[in-house]
Amino acid sequence: MPTITFVQPTGKSDTVSVEEKTSLMRAAVANGVEGIVGECGGQAMCATCHVYVRPEFEDALPELSEDEDEMLDCTTAERTSQSRLGCQVSVGVHLDAIIVDVPTDQV
Amino acid sequence: MGVIIIGGGQAGIQAADSLRSGGYTGSITILAEEEGLPYQRPPLSKDYLAPAGRPAALPLRPATFYTDNDIDLRTGVSARDIDRDNKTVTISDGTAIPYDHLVLATGSRNRKLTCPGAETTGIHSLKTLQDAEELHAALAQARDVIVIGAGFIGLEFAAAARAHGCSVTVLEFAPRPMARALTPVMSEWFTDAHRRNGIELRLDEGISHFDAGPDGRVCAAHSTTNRRYPADLIVVGVGVMPNDEIAARAGLETNNGIVVDQSLRTSDPRILAIGDCANYPNPHTRTRTRLESVQNAAAHGRHAAQVVLGATDHYEETPWFWSTQGTLRLQMAGMSRADDSATLIGDPAAAKFSVLCHREGQLVAVESVNAAADHMAARKLLSAGLGPSPEEAQAPGFSLKAHTQQALLNPA
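Since this is a predicted model, take the numbers as computed values, not measurements.

**Q** Honestly, the overall build of chain B in this entry has me stumped. Any pointers?
**A** The helix and strand inventory of chain B stands at 10 helices and 26 strands. When its C-alpha atoms are laid out on the principal axes, chain B stretches across 65 × 60 × 35 Å. Within chain B, buried positions represent 57% of all 412 residues. For chain B, restricting intrachain contacts to residue pairs at least 6 apart in sequence, the fraction spanning at least 24 positions comes to 59%. Within the structure as shown, chain B displays about 17,400 Å² of accessible surface, and the carbon and sulfur contribution to it stands at 48%. If you average the places of the 37 positive and of the 46 negative side-chain charges in chain B, the two averages end up 2 Å apart.

**Q** What am I meant to see in the nonpolar core here?
**A** Ranked by size, the top nonpolar core spans 97 residues in total, and within it B:Ile5, B:Leu104 and B:Phe157 carry the most contacts. For this core, the leading source of residues is helix α7 (residues 294–308) of chain B, giving six residues. Residues contacting B:Ile5, with those up to four places away along its chain left out, are B:Gly12, B:Ala15, B:Ala16, B:Leu19, B:Ile28, B:Thr29, B:Ile30, B:Leu31, B:Val103 and B:Ala105. Counting 32 residues, the second-largest nonpolar core is a separate cluster that includes A:Val16, A:Ala28, A:Cys49 and A:Val91.

**Q** Where do I start with the pairing of strand β13 (residues 207–212) of chain B in this structure?
**A** On a regular strand, one side chain projects to one face of the sheet and the next to the other, so that they alternate. All names here are of chain B. Strand direction decides the pairing type here: β13 and strand β14 (residues 218–223), joined by five bridges, are antiparallel. Each bridged residue has a counterpart across the sheet, and for Phe-210 the counterpart in β14 is Ala-221. Counted between consecutive antiparallel strands, the loop separating β13 from β14 contains five residues, among which Gly-216 sits at a positive phi close to 85°.

**Q** Honestly, the interface of chain A and chain B in this entry has me stumped. Any pointers?
**A** How big an interface is tends to be expressed through the accessible area that disappears when the partners come together. Listed by partner, the interface residues are 22 residues for chain A and 32 residues for chain B. With both sides pooled, the region where chain A packs onto chain B buries about 2,100 Å², and carbon together with sulfur makes up 53% of that total. On the surface where chain A and chain B come into contact, there are five salt bridges. In this structure, B:Lys352 engages A:Glu66 in a salt bridge whose closest nitrogen and oxygen atoms are separated by 3.0 Å. The interface formed by chain A and chain B contains 14 residue pairs in polar contact (both at pLDDT 80 or more). If you list the elements that add at least two residues to the side of chain A that touches chain B, you get α1 (24–31) and α2 (66–72) of chain A. A total of five residues in the side of chain A that touches chain B trace back to one element, the largest contributor, which is α1(A).

**Q** In this structure, what is going on with the environment of B:His194? I would like to understand it.
**A** All names here are of chain B. Inspection of the secondary structure puts His-194 in helix α5 (residues 184–196). On the basis of relative accessibility, which here comes to 2%, the residue His-194 falls in the buried class. When the C-alpha atoms of His-194 and Leu-155 are compared, they prove to be 8.5 Å apart, with 39 residues separating the residues in sequence. Apart from residues no more than four positions distant in its own chain, His-194 is found in contact with Leu-155, Ile-199 and Gln-325. Of note is the side chain of His-194, whose polar atom sits 2.7 Å from the side chain of Gln-325.

Calculation criteria
Residues numbered from 1 in each chain as written. Chains lettered and ligands numbered in written order. Predicted model: local features only at pLDDT ≥ 70, side-chain atom pairs only at ≥ 80, totals over all residues. Heavy atoms only, no water. Helix = DSSP H or I, 4+ residues; strand = E, 2+ residues; numbered from the N terminus. Buried < 20%, exposed > 50% of the residue type's maximum accessible area, 1.4 Å probe, protein only. Contact = heavy atoms within 4.5 Å. Areas by Shrake-Rupley, 256 points an atom, 1.4 Å probe, with all protein chains shown as cover. Lys, Arg positive; Asp, Glu negative; His and termini not counted. Charge placed at Lys NZ, Arg CZ, Asp CG, Glu CD. Core = buried A, V, L, I, M, F, W, Y, C linked by side-chain atoms within 4.5 Å. Pairing = 2+ DSSP bridges. Buried area = accessible area lost by both parts, 1.4 Å probe. Salt bridge = Lys/Arg side-chain N within 4 Å of Asp/Glu carboxyl O. Polar contact = N/O pair within 3.5 Å; in protein donor to acceptor, adjacent residues only side chain to side chain.

Read these as layout, nothing more, since geometry by itself doesn't imply function.
See below:
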């Protein structure tokens, strides 16, 4: 099963194993990873599942849609070139292990 | 010594979470009527119904959240009555549980049709995970779908049924869809968009009654204009009613929901009401409102926790809403009225635009289609009270995002 590692601002990390096609948001919410809210249920409507994807995984990520791009402009923690919405990135065949950093704030 | 929260939806769970993370050390008990881990409802009418197969329910919090935070989550348990003198809640098995503070997050239930045939097999509504599971299964078999009510749920479902290849007719007794929430210009745009997508959207046409076939299942809907529509699946989405009866029985003031003050307290200061069931004074509309949205539920939950912890500030969050109807992403910030002046920005023909609503020259709401940047800018502007004037918004090349950046840098 693919694995996702969430690294907290404190340096503490959680690695979770999930079914293919699971989004980072769903994985975090279902496993109680701190700092990922996902208030809208994965619709890219609330920007509370913001994560920073480590650069080494960038090539395996799905393209940024216009909606996601616009929502990322409004995250609570600062947007960087590594910013994505966790609900729009799923693990699977092309991405069987990923490491992301969790921002300090979501709301 | 503790808090009892009646209701395991977005509002109730958020209140529990915010109480603990805010340092509350007393006991927290959540009474949740449905069995199983409390879950998020918004995906039920969207992703959950997609032809590609349904995802598992998305929990609001994992099971470990409740144990780790010492929150007593009682599922499949309903609250029967509140005894305000003794400060106890009697639950379904007859036990009385004491409280210091009680948070009513009882939510709402779907309004039911009362017309002849309304109880016939094959007529569904959508609120719970079980409803969504039944509908997902029914959609795989259905050919002719009739939706009663062109509100958010009805149109979200209609778009999902189209994606399954069904023939879809929507009956709406009002002259325009989503009339309670949207400006006429936005309603009209959605009418055209859904019709282009092949949905037969019938306006000024309500439901009269249903026919059952020889097998006892629904086979047709008759409209108030005497048309007969053959159907094998009917979905009713005609709004919700607040679950305020338990509050009324306890002598708390109710009026289209449980009446609360600016701090979300009911007429009994030890009892708060939040989310769909709460009728609160809305500083943005300067009227009492009862909102049915995730944002309202979660923000009420956070605020109620702070009040229990001793805060005295008023609830003033700007309301925002969304609806996903097929490929159309509708986002609303603030609250519009049909008589607001409407300024259109962006490109409706390309399905990417917003409607800015002004009342007495003030920006009061923004409705956006596939324009997240506008929506997010609008939330900031409305919270800060820094809207563009109608004249500014009508200027060529106006950008809400650019205006917001300017306005927040140089507040007048």
